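The residues making up each chain are set out below.
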Amino acid sequence: MSSANPELFPATAVNFDTTSFPPLTNDLYLRTARGEPTERAPVWCMRQAGRYLPEFRAIRVENEFFKVCRSPALATEVTVQPIRRYSGLLDAAIIFSDILVIPQAMGMEVQMVPGKGPHLPEPLRSPEDLSRLTDKQSGYSVDRELDYVYKAITNTRHALKGEVPLLGFVGAPWTLMAYMVEGGGSKTFALAKSWLFKHPDASHELLSRIADVAAEFLVGQIRAGAQAVQVFESWAGELGPADFTKFSLPYLARIAAHVKSKYPDVPMTVFAKGAHYALEQLATDTLYDVISLDWTVDPAAARSRVDAAVQGKRSVVLQGNLDPTVLFGDEQTIRERTRDMCRSFGPKNHIANLGHGMMPSHDPEHLRVFLESVHEASSALRK
């Protein structure tokens, strides 16, 4: 269903009732995430609500990025846009927000600069700067600071009308620390990584504080209506194995343990981009149900490594992992590479996705080809 000029979700049509949601009619994602056998692989895409969609760009013309995040009606609209456009092809929606709402909630200013990306004008440059963070102040409340995300989630659950489940998410502690220290993205992450070695105690304090906020935030998202959640450790690959084990893994594990203590049946996914060396640790040392893979990991090898690590003690689902740049290819190439991906993951415990997010210059119709190809290829594997 094409919708180049969709009718916008009315700005006044909001529903914040968390006591009763429309019944879910497509639970394929949730069943797969729990390790149940399914008729095909569910499929969704990171950044499926984004600048590659003309309807998203139309909203952004008049609305600054964080204004969209902070307006429940606007956040709902852009979350629902890909579900509307690809009706019957996508098996999950993910709330439109940003991983950097956590630094904002901890008292830091974050700007989204057109053409540049995130910018934190007053980064943390020394351990003394931790005193500027607000999360330890008397009366601090994660739920109050991020209530606008909860409202967007609740409103979106109603707007989806049960067509697909809704995912919530957070950024992981190391990734958020990197932004908070660097002041934005970086090619080398020299400032953030130098903290780890110059100021290890302050680094662990900051990582711990971020983890506590993130864990409470995920609990709040689930309470607001999120049916599954994902933790994005986007800069995991900037750490070597020893440093990942010391500065990332314990905090990823802490977040999952806290959320699972409150909502044991809600599926959780971890995406530690670039940390191919840590598959076994993520499978055995954390409680995540799903491990998302980037495109540099061979799915068959990952499946073998994870299965050997868990030794049948629990089910670990894999997610991913088509190289997003494949969507710049022609239709035949997309179909062939998607079929190869599905075969490599095998006929069970796979959630199809890209190995990272959609790109602004992607053709929306090429995403349609990917989604259709997942349906076809993964169904054929299960016959």
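Residues numbered from 1 in each chain as written. Predicted model: local features only at pLDDT ≥ 70, side-chain atom pairs only at ≥ 80, totals over all residues. Heavy atoms only, no water.

Engineer: What's the story with the sheet that holds strand β1 (residues 93-94) in this structure? I'm lost.
Structural biologist: Two modes of strand pairing occur in sheets, parallel and antiparallel, and in both the strands are linked by backbone hydrogen bonds. As summarised here, the arrangement of the seven strands in space is β1-β4-β5-β6-β7-β8-β9, forming an open sheet in which the pairing is parallel. Looking at the sheet topology across the chains shown, the edges are occupied by β1 and β9 (350-354). Sheet topology note: the strand β6 (residues 268-272)/strand β7 (residues 290-292) ladder contains two bridges and is parallel. From the neighbouring strand, Val 270 faces β7, where its bridge partner is Ile 291. The strands that helix α8 (residues 173-182) touches are β4 (166-171) and β5 (228-233); relative to β5, the one it contacts most, it runs at about 50°. On top of the sheet, helix α15 (residues 331-345) reaches β8 (317-322) and β9; it is set at about 160° to β8, its chief contact. (Pairing = 2+ DSSP bridges. Helix = DSSP H or I, 4+ residues; strand = E, 2+ residues; numbered from the N terminus. Contact = heavy atoms within 4.5 Å. Axes fitted to C-alpha atoms, helices over the stretch in contact; angles between N-to-C directions.)

Engineer: Please explain the pairing of β4 as it appears in this structure.
Structural biologist: On a regular strand, one side chain projects to one face of the sheet and the next to the other, so that they alternate. Within β4, six of the six residues are buried, which leaves the element mostly enclosed by the surrounding structure. Alternating residues of β4 divide into Leu 166, Gly 168 and Val 170 and Leu 167, Phe 169 and Gly 171, and every residue in both groups is buried. Bridge count between β1 and β4: two bridges; the pairing is parallel. In the strand pairing of β4, Ile 94 is matched with Leu 167. (Buried < 20%, exposed > 50% of the residue type's maximum accessible area, 1.4 Å probe, protein only.)

Engineer: When you look at the packing of helix α7 (residues 147-160) against helix α10 (residues 200-224) in this model, what are you seeing that I'm missing?
Structural biologist: Helix-helix packing: each pair is described by the crossing angle between the helix axes and the interaxial distance. At a minimum axis distance of 8 Å, the contact between α7 and α10 shows a crossing angle of 30°. With respect to α10, the element α7 is oriented roughly parallel. Handedness of the crossing formed by α7 with α10: right-handed. On the side of α7, the interface is formed by Val 149, Tyr 150, Ile 153 and Thr 154, while α10 contributes Glu 216, Phe 217, Gly 220, Gln 221, Arg 223 and Ala 224. Looking at the contact of α7 with α10 residue by residue, the classes come out as five nonpolar, three polar and two charged. (Parallel < 35°, antiparallel > 145°, perpendicular 65-115°, else oblique. Left-handed = near helix turned anticlockwise from the far one by under 90°. Nonpolar A, V, L, I, M, F, W, Y, C, P; charged D, E, K, R; others polar.)

Engineer: Please explain the pattern of salt bridges as it appears in this structure.
Structural biologist: Pairing between side chains of opposite charge can happen when their charged atoms approach one another. Counted by the stated rule, this structure contains 19 salt bridges. Salt-bridge contacts for Asp 91 lead to Arg 40; the nearest nitrogen and oxygen are separated by 2.8 Å. Here Asp 91, found in the loop between α4 (72-85) and β1, pairs with Arg 40, found in the loop between α1 (28-33) and α2 (54-62); they are 51 residues apart in sequence, far enough to count as distant. Taken as a pair, Asp 91 and Arg 40 share a single burial class, namely buried. Residue Glu 331 is joined to Arg 335 by a salt bridge in which the shortest nitrogen-to-oxygen separation is 3.2 Å. Placement of the pair is Glu 331 and Arg 335 together in helix α15, with a separation of four residues, close to one helical turn. Assessed through its relative accessible area of 22%, Arg 335 is described here as partly exposed. What emerges from the salt-bridge pattern is a single network uniting Glu 55, Arg 85, Glu 365 and Arg 368. (Salt bridge = Lys/Arg side-chain N within 4 Å of Asp/Glu carboxyl O.)

Engineer: How should the nonpolar core be read in this particular structure?
Structural biologist: Met 180, Phe 244 and Phe 370 are the most contacted members of the largest nonpolar core, which totals 135 residues. Tallying contributions element by element places α10 first for this core, with 13 residues. What Phe 370 contacts, discounting residues up to four positions off in sequence, is Val 43, Cys 45, Leu 322, Leu 327, Ile 334, Thr 338, Met 341, Asn 353 and Leu 354. (Core = buried A, V, L, I, M, F, W, Y, C linked by side-chain atoms within 4.5 Å.)

Engineer: Looking at this structure, I do not really get unusual backbone geometry. What am I missing?
Structural biologist: What you tend to see is this: most non-glycine residues have negative phi, and most peptide bonds are trans. In this structure, Asn 321 follows Gly 320 across a cis peptide bond, with omega equal to -10°. Here Asn 321 lies in strand β8. With phi around 55°, Lys 161 is a residue other than glycine that occupies positive phi space. Mapped onto the secondary structure, Lys 161 falls in the loop between α7 and β4. The class of Lys 161 is exposed, set by a relative accessible area of 64%. Here Asn 349, not a glycine, exhibits a phi torsion of approximately 55°, which is positive. Relative to the helices and strands, Asn 349 is located in the loop between α15 and β9.

Engineer: Explanation requested: the pairing of β6 in the structure shown.
Structural biologist: For β6, a buried count of five out of five residues is recorded, marking the element as mostly surrounded by other parts of the structure. Burial of β6 is two-sided: the residues Met 268, Val 270 and Ala 272 facing one way and the residues Thr 269 and Phe 271 facing the other way are all buried. Across five bridges, β5 lies against β6 in parallel orientation. Of the residues in β6, the one forming a bridge with Val 229 is Met 268.

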